[in-house]
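# Examination of the molecular architecture
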Amino acid sequence: MGKKLVIGMFGFGVVGQGLYDIIKTKNLNLEIKKFVIKNPAKKRSLPSDLFTTEEDEILNDSEINTVVELIDDADAAFRIVKKALRAGKNVVSANKKMVAQNLSELIKIQEETGTSFLYEGAVCGSIPIIRNLEEYYDNELLHSVSGVFNGSSNYILSKMYNENQGYEEALTKAQELGFAETDPTLDVGAFDPKFKLAIVAAHAYGIYIDPDDILNLGIDKLDSKDIIFAKEKDLKIKLLPYAKELENGKVVLYVLPRFIDNQHILFNVENENNGVLVKAAFADEQFFYGKGAGGHPTGSAVLSDITALRHGYKYEYKKHINDREATYTAEYTLKVYLRYEDETLFDKVKFDNISERYSSKDFKYVIGEVKLKEIIKNRAEIHQDGIFLAEMN
Ligand code: HSE
């Protein structure tokens, strides 16, 4: 069974409680010794002596060999994780923002301290994509990795498309159901899936990229007109992060809404479900489907990391080869749909060509090819009320 894990846990929210529920159903030779929580006044389902607000009660406890970090605040999480690793403790986290924003430093600290830092639950909840990219696809040529990485946006898109719900109504429901981030702009603005994509890029291609350098446009400017457009053409809209290796070995990364047809494997990924689509040279197309959020699904990924630590498991970041690191490029042309109001937008955003143009009093769009770097350069102009951009299949 391996060595006993003595755990100190930061946070006891949706995922923390989910993890606890799973752990108590099994005899796993592990003990959660202490929980550090923010709000001592909140009523808890466990004895009060298990809880403290003092983080050093975990960080300075030499009996605790494993820290599980499940708090919301990415900056506080980073500080805690660094301290825990430096104290020689292994760490498991599900904090995609914190991991994506600090990956290089976290890898360096692991190397210096000989500790292990695992974060399967940070990317697509219950779907075991990180460990598969690390281990199973170790020697594969990965053409692309994409999918539905954000349950909240997908839930909103499903409700608007299938049940004619309004955007605000669907977003409120996603918040009530607990999928959405505390700041839901992270979901609908495609920051959350961008953080997940940055983590995927490290394990799929060995690229350590600042998420700020990846283009993200979400569904926050979506309008019922876009849904009607999609329905008329038998398409659905999905918010898709995309990592693709080009023939020159460079890697393109972006997150955009995308119109897909009913032959696309992601067409039926509905509501809060996630799906990861891997296209590889030899294995060909593979698809992972499952719950991307929620206490028990994410808790199951966190538990899998915890038990992997018992066997000394570490990510090796095998795709990252110093001096031969794959590089990111924005030299890539996309076919997009752009709904707009004012023609002057095209003074700024230069299309290479336009294949379709529609204009009525209150609905105007073009479909055409545009360079990724052109969208990146004009992101602020495009991310405005009255404008919606999505990739065409
Ligand atoms: N807000 C995230 C989502 C939670 O909607 O997918 C899981 O990372």
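Before reading further, recall that the structure is shown in the block above.
Reading the values: the criteria
- Residues numbered from 1 in each chain as written.
- Predicted model: local features only at pLDDT ≥ 70, side-chain atom pairs only at ≥ 80, totals over all residues.
- Heavy atoms only, no water.
- Buried < 20%, exposed > 50% of the residue type's maximum accessible area, 1.4 Å probe, protein only.
- Helix = DSSP H or I, 4+ residues; strand = E, 2+ residues; numbered from the N terminus.
- Pairing = 2+ DSSP bridges.
- Contact = heavy atoms within 4.5 Å.
- Polar contact = N/O pair within 3.5 Å; in protein donor to acceptor, adjacent residues only side chain to side chain.
- Salt bridge = Lys/Arg side-chain N within 4 Å of Asp/Glu carboxyl O.
- Near = heavy atom within 4 Å.
- Areas by Shrake-Rupley, 256 points an atom, 1.4 Å probe, with all protein chains shown as cover.
- Nonpolar A, V, L, I, M, F, W, Y, C, P; charged D, E, K, R; others polar.
- Axes fitted to C-alpha atoms, helices over the stretch in contact; angles between N-to-C directions.
- Parallel < 35°, antiparallel > 145°, perpendicular 65-115°, else oblique.

## Concerning the pairing of strand S13 (residues 333-340)
- With six of eight residues buried, S13 is to be regarded as a mostly interior element.
- In the sheet, S13 pairs with strand S15 (residues 363-371) via eight bridges, with the strands oriented antiparallel. Bridging from a neighbouring strand, Lys335 pairs with Glu369 of S15.
- Judged from the four bridges that link them, S13 and strand S16 (residues 388-391) form a sheet pairing that is antiparallel.

## A look at the environment of Glu343
- Inspection of the secondary structure puts Glu343 in the loop between S13 and helix H12 (345-348).
- For the pair Glu343 and Lys364, spaced 21 residues apart in the sequence, the C-alpha separation amounts to 9.4 Å.
- Not counting residues up to four positions away in its chain, the partners in contact with Glu343 are Arg357 and Lys364.

## With respect to the side chain of Asn273
- For Asn273, the position within the fold is in strand S11 (residues 273-280).
- In this structure the side chain of Asn273 is engaged in a polar contact, spanning 3.2 Å, whose partner is the backbone oxygen of Glu270.
- A polar contact of 3.2 Å, which involves the side chain of Asn273, links it to the side chain of Tyr289.
- In contact with Asn273, other than residues within four places in its own chain, are Val148, Asn154, Tyr289, Gly290 and Lys291.

## Brief notes about the pattern of salt bridges
- Summed over the entire model, instances satisfying the criterion amount to 30 salt bridges.
- Lys33 is the partner of Asp61 in a salt bridge, and the nearest nitrogen-oxygen pair spans 2.7 Å. With Asp61 in the loop between helix H2 (56-59) and strand S4 (66-69) and Lys33 in strand S2 (residues 30-36), this pair connects stretches of sequence that are 28 residues apart.
- With a relative accessible area of 15%, Asp61 lands in the buried category.
- Using a relative accessible area of 26% as the deciding quantity, one classes Lys33 as partly exposed.
- Salt-bridge contacts for Asp352 lead to Lys371; the nearest nitrogen and oxygen are separated by 3.0 Å. One end of the pair, Asp352, is in the loop between H12 and strand S14 (353-360); the other, Lys371, is in strand S15, and 19 residues separate them in sequence.
- With a relative accessible area of 29%, Lys371 lands in the partly exposed category.
- Where salt bridges share partners, they join Glu55, Asp56, Arg79 and Lys83 into one cluster.

## A closer look at the site of the ligand
- As a matter of local geometry, the ligand sits amid Lys96, Asn150, Gly151, Ser152, Phe179, Ala180, Glu181, Asp187, Asp192, Lys196, Gly292 and Ala293.
- Between the ligand and Lys96, the relevant distance is 2.6 Å, taken from an oxygen atom to a side-chain nitrogen or oxygen of the residue.
- Surface burial for the ligand is 92%, taken as the share of its 250 Å² of free accessible area covered by protein chains.
- Put simply, the parts of the chain that give the shell around the ligand at least two residues each are helix H6 (151-163) and helix H9 (191-205).
- Split into classes, the residues belonging to the shell around the ligand amount to three nonpolar, four polar and five charged.

## Some words on the packing of helix H3 (residues 74-86) against helix H4 (residues 96-113)
- It is the contact of H3 with H4, at a shortest axis distance of 10 Å, that shows an interaxial angle of 10°. Judged on the interaxial angle alone, H4 and H3 are roughly parallel. Of the residues in H4, those in contact with Ala74, Ala77, Phe78, Val81, Lys82, Leu85 and Arg86 of H3 are Lys97, Met98, Asn102, Glu105, Leu106, Ile109, Gln110, Glu112 and Thr113.
- Tallied by class, residues from the contact of H3 with H4 come to eight nonpolar, three polar and five charged.

## A look at the environment of Gly18
- Positionally, Gly18 belongs in helix H1 (residues 14-24).
- Expressed as a C-alpha distance, the spacing of Gly18 and Pro297, which sit 279 residues apart in the sequence, is 7.9 Å.

## Remarks on the side chain of Arg258
- Considering the arrangement of structural elements, one finds Arg258 in strand S10 (residues 251-261).
- Under the relative-accessibility criterion, Arg258 is labelled buried at 16%.
- Sequence-distant contacts of Arg258, defined by excluding residues within four places in its chain, comprise Lys236, Ile237, Lys238, Leu240, Tyr242, Ala390, Glu391, Met392 and Asn393.

## A closer look at the sheet that holds strand S5 (residues 90-93)
- Overall, parallel pairing links the six strands, which are arranged S3-S2-S1-S4-S5-S6 in an open sheet. In this open sheet, the two edge strands, each paired with only one partner strand, are strand S3 (51-52) and strand S6 (117-118).
- By the bridge criterion, four bridges tie S4 to S5 in an arrangement that is parallel. By the bridge assignment, Thr66 is partnered in S5 with Asn90.
- H1 rests against strand S1 (5-10), S2 and S4 of the sheet, and its axis sits at about 160° to S2.

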